Structures are given as C-alpha cells and as structure tokens.
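These are the residues of each chain, in order.
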Amino acid sequence: MPASPRTGPDRPGESDPGRGRRLAVDVGSVRVGVALSDPSPILASPLVTLSRDAKDDSDLDRLAELVAEHEVVEVIVGLPRTLANRQGSAADLALDYAGKLATRVGEIPVRLADERLTTVTASRMLSQRGVKGRKQRAVVDQAAAVEILQAWLDAAAAHRAREGDS
C-alpha cells in the first residue's frame, strides 16, 4: 500500500528505512527540481530539473522511473509553508503532487519536508557563485531540492544519534 502524505511535514528519522538512496523533489508550477542522496545516506546532490506537466503528469512518470532506476528507499517532497506556518496554494500543489507520486512508487514512502525559504537560499547560493539570470532559473529548482534533501538527511542523522543508532 503506498504511503499517504500528511497535510503537515513529517519528522526526519521517524520510520527511517535505513541505508539507501533518498530522492527529494522541489515542486513548482513550471519546473520540478530533483536531488539524490548517496546510499549512506549522507550527501545530497542535484540530479535533474523536469518540466512540470500538469496536464499529462509525464514528470511524475519520470520521477517514478528515477525512483526505480536509483533504487530509492524514501522520497522527500518539499512542503512550502509560509513563515507563519500556514498552508497556501504552493503547499496545496505539493500535497497533491506527493499524493500522485505515492501512487506511482508503490511501497516506497513519500514524506513531506518543511521547505520554507529553500528556493531563496538556493538562489542566494547560486548568485554568490556567479550563476545569474536564465542559467540560474535552469538550476535553482535542483539546488532547492538539494537544500530540502540535505536538511532531511542531517535531521535524520541527528535523530539516529539521539536514539543511539549509527
């Protein structure tokens, strides 16, 4: 039975599937940024930016293929809440997307991660590295997905350390 996303963010480390790759998704109305972890899982890296296909959902099909191809054990979808921790239209889009993705990836859990300000952080980081304008728009969603995934991995590692697991 596929994982059913909640309306709020999940807690990294709870129901952790153990070693294996994680895939993170930054959902936008135009593009979907994707990041992938190493199998340890310690480090998040950019993977791809997909064009959002709200009509045919071909981007969701491609994501399901990436999950299978990379033997992903957990998918993290960024949940953009407001700074006041409210849910707006972007969060509704992410929740709907996570639900559709969960039906495509079978038993692989689909989790929601608080992603407030990840795109802002990613944009600043890219600007500091001299990536601007059109080039930045092409990779900012991947960079935001890396931010989402790295925060998830770090929080899951801290959870494991508190619980005494290595």
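One can find the structure itself at the top, above this paragraph.
First, a word on scope: everything that follows refers to the structure included in this document. Because the structure is a prediction, the values reported are computed rather than measured. (Residues numbered from 1 in each chain as written. Predicted model: local features only at pLDDT ≥ 70, side-chain atom pairs only at ≥ 80, totals over all residues. Heavy atoms only, no water.)

1. Some details on helix α2 (residues 89–104)
For an α-helix the count is 3.6 residues per turn, leaving residues at separations of three or four pointing the same way.
Working step 1: The first and last C-alpha atoms of α2 sit 23 Å apart over 16 residues, in line with the 22 Å expected at 1.5 Å per residue.
Working step 2: Here α2 has its buried residues at Ala91, Ala94, Leu95, Tyr97, Ala98, Leu101 and Ala102. Looking straight down α2, one finds that the buried residues subtend no more than 165° of arc, so they occupy a single side. Seen from the open side of α2, the exposed residues pointing more than 90 degrees away from its buried face are Ser89 and Thr103.
Working step 3: Among the structural elements, β1 (21–27), β2 (31–37), α1 (58–69), β4 (72–79) and β5 (110–114) are those in contact with the buried residues of α2.
Working step 4: Just downstream of α2, Gly106 is the residue with a positive phi angle, here 65°. (Helix = DSSP H or I, 4+ residues; strand = E, 2+ residues; numbered from the N terminus. Expected span 1.5 Å × (residues − 1). Buried < 20%, exposed > 50% of the residue type's maximum accessible area, 1.4 Å probe, protein only. Arc of directions from axis to C-beta. Contact = heavy atoms within 4.5 Å.)

2. Quick notes on the side chain of Asp141
Working step 1: Mapping Asp141 onto the fold places it in helix α4 (residues 133–163).
Working step 2: With relative accessibility at 10%, the residue Asp141 sits in the buried group.
Working step 3: Reaching out from Asp141, the side chain makes a polar contact with the side chain of Arg31 at a distance of 2.6 Å.
Working step 4: Sequence-distant contacts of Asp141, defined by excluding residues within four places in its chain, comprise Asp26, Arg31, Val32, Gly33 and Thr49. (Polar contact = N/O pair within 3.5 Å; in protein donor to acceptor, adjacent residues only side chain to side chain.)

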